[in-house]
Structure formats: C-alpha cells, structure tokens
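Inside the fold
Here are the chains, one letter per residue:
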Amino acid sequence: MAQTNYSPGLLPSVPGMLADINPLVTESGYNSEAATEAAFGAPVRVDPAGDRAFLLTTLANPAIYGLVVHHDSYDPRVELGTVGIKPSVKMTVLRAGRITVKVGSTNVAKGSRAYYQTTTGGWVAAAIVGDTIDTSKQAIIVSSAAAGGTCVLEVDFRNAP
C-alpha cells in the first residue's frame, strides 16, 4: 500500500534537538554560569576555571566551542528554568552535526551561512554590526524558516578559526 500522508516539511521540533542521524560529535559538561541559564541551541565557550565547564558565548567573548543540546531526560522541577538549563546542571554540547535552532530577527534560507544574533538568541543569515557573532565558517543553514521560527543548522566547531 502506498503512503498517502507524506509531508515534505520538517516535523515540529524545539531548539536544541538534534536534527537527524548525520554523524555527531558531542561532549558532556555542565553550565558553569553563576546565575544565567543556558538556552537550548545557544552557543557556549569553554570555562578555563573548570574541567568540562561551559559559559555562554557573548559579543565580548565570541569563541564558540559548541551548542547546547536538548534532552528529554532533564527534570523540569530541578534542572530547567524559564529559558534553559540552570547553572551547575550537566549538559551536552554539540561540536559537529545538525541541530534545530531558533531563528533570529530575519528570515533564513537553506544554504546560507549562519551568524548568532545575541539580542534575540537566534540565528540569522547575515551579519548585523554590534549584534552578531560570525560563525559563517562553521555553520550553515540547511532548512529555510521565518524570523522567530526554527531551522536546522549544520555546524562544525572542532577546528574553528
């Protein structure tokens, strides 16, 4: 019998969900921010003060080590806050692979290079002076989406410039 309910669109997903079964490179660690939650799909950098410790990437500290991965195993009563993983909670960081992420203030198109927009916590397809971190050599958008939606991002931060 032929399949009659095929949809060419993406299945519903949330930021931080791994996108498909392409090869993935992940690393375990924890959110070492003092009081800030780490949103799923957000970029993090290495915290030199702790082994396997990660801090959020900012315009002042733009080095990206990977992106925060979503897991259904988090206890929302203890480990999750309003926007992501609470401080001191264990996390998985995607170093290379595909992940669903939040789109920033502009529409994105498949094949575009990606930039992380700090004011929206989303990803955009063009640099915005004073508001984006350049990840154009490490990240490419692999599904189109409207501003404020979600898209699939393919990243490789293993040997970032």
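Look a little higher up for the structure.
The text that follows walks through the structure, step by step, so that each part is easy to find. The structure displayed is predicted, hence computed values, not measured ones.

Across six bridges, the pairing between strand 1 (residues 25–31) and strand 7 (residues 90–102) is antiparallel. For Val25, the partnering residue across the bridge sits in strand 7 and is Ala96. With two bridges joining them, strand 1 and strand 4 (residues 53–56) adopt parallel strand pairing. Counterpart to Tyr30 in the pairing with strand 4 is Ala53.

A word on the packing of aromatic side chains. For the structure on display, the rule yields three aromatic pairs. Taking the centre distance of 5.8 Å and the plane angle of 40° together, the rings of Phe40 and Tyr74 count as tilted. Here Phe40, found in the loop between strand 2 (38–39) and strand 3 (43–46), pairs with Tyr74, found in the loop between strand 5 (66–68) and strand 6 (84–85); they are 34 residues apart in sequence, far enough to count as distant. The same class applies to Phe40 as to Tyr74, namely buried. Positioned above the aromatic ring of Tyr65, the side-chain terminus of Arg95 is 3.7 Å from the ring centre.

With that settled, the discussion passes to unusual backbone geometry. The residue Arg52 is not glycine, and still its phi comes out positive at about 60°. Residue placement: Arg52 occurs in the loop between strand 3 and strand 4. What makes Arg52 partly exposed here is its relative accessible area of 45%. Even without being a glycine, Ser88 presents a positive backbone phi close to 75°. As for its position among the elements, Ser88 is in the loop between strand 6 and strand 7. The exposure class assigned to Ser88 is exposed, which follows from its relative accessible area of 60%.

Spatial ordering of the open sheet is given by 9-8-10, a layout of three strands whose pairing is antiparallel. If you trace the sheet from one side to the other, it starts and ends with strand 9 (122–124) and strand 10 (132–134), each paired once. Across this sheet, the average inter-strand angle for adjacent strands is 35°, counted without regard to direction. For strand 8 (residues 115–117) and strand 9, the ladder comprises three bridges, and the chain directions are antiparallel. Paired with Gln117 across the strands is Gly122, a residue of strand 9.

Criteria and thresholds
- Residues numbered from 1 in each chain as written.
- Predicted model: local features only at pLDDT ≥ 70, side-chain atom pairs only at ≥ 80, totals over all residues.
- Heavy atoms only, no water.
- Pairing = 2+ DSSP bridges.
- Helix = DSSP H or I, 4+ residues; strand = E, 2+ residues; numbered from the N terminus.
- Phe/Tyr/Trp six-rings, centres within 6.5 Å; stacked < 30°, edge-to-face > 60°.
- Buried < 20%, exposed > 50% of the residue type's maximum accessible area, 1.4 Å probe, protein only.
- Lys NZ or Arg CZ within 6 Å of the ring centre and 35° of its normal.
- Axes fitted to C-alpha atoms, helices over the stretch in contact; angles between N-to-C directions.

Don't take any of this as a statement about function, it's just geometry.
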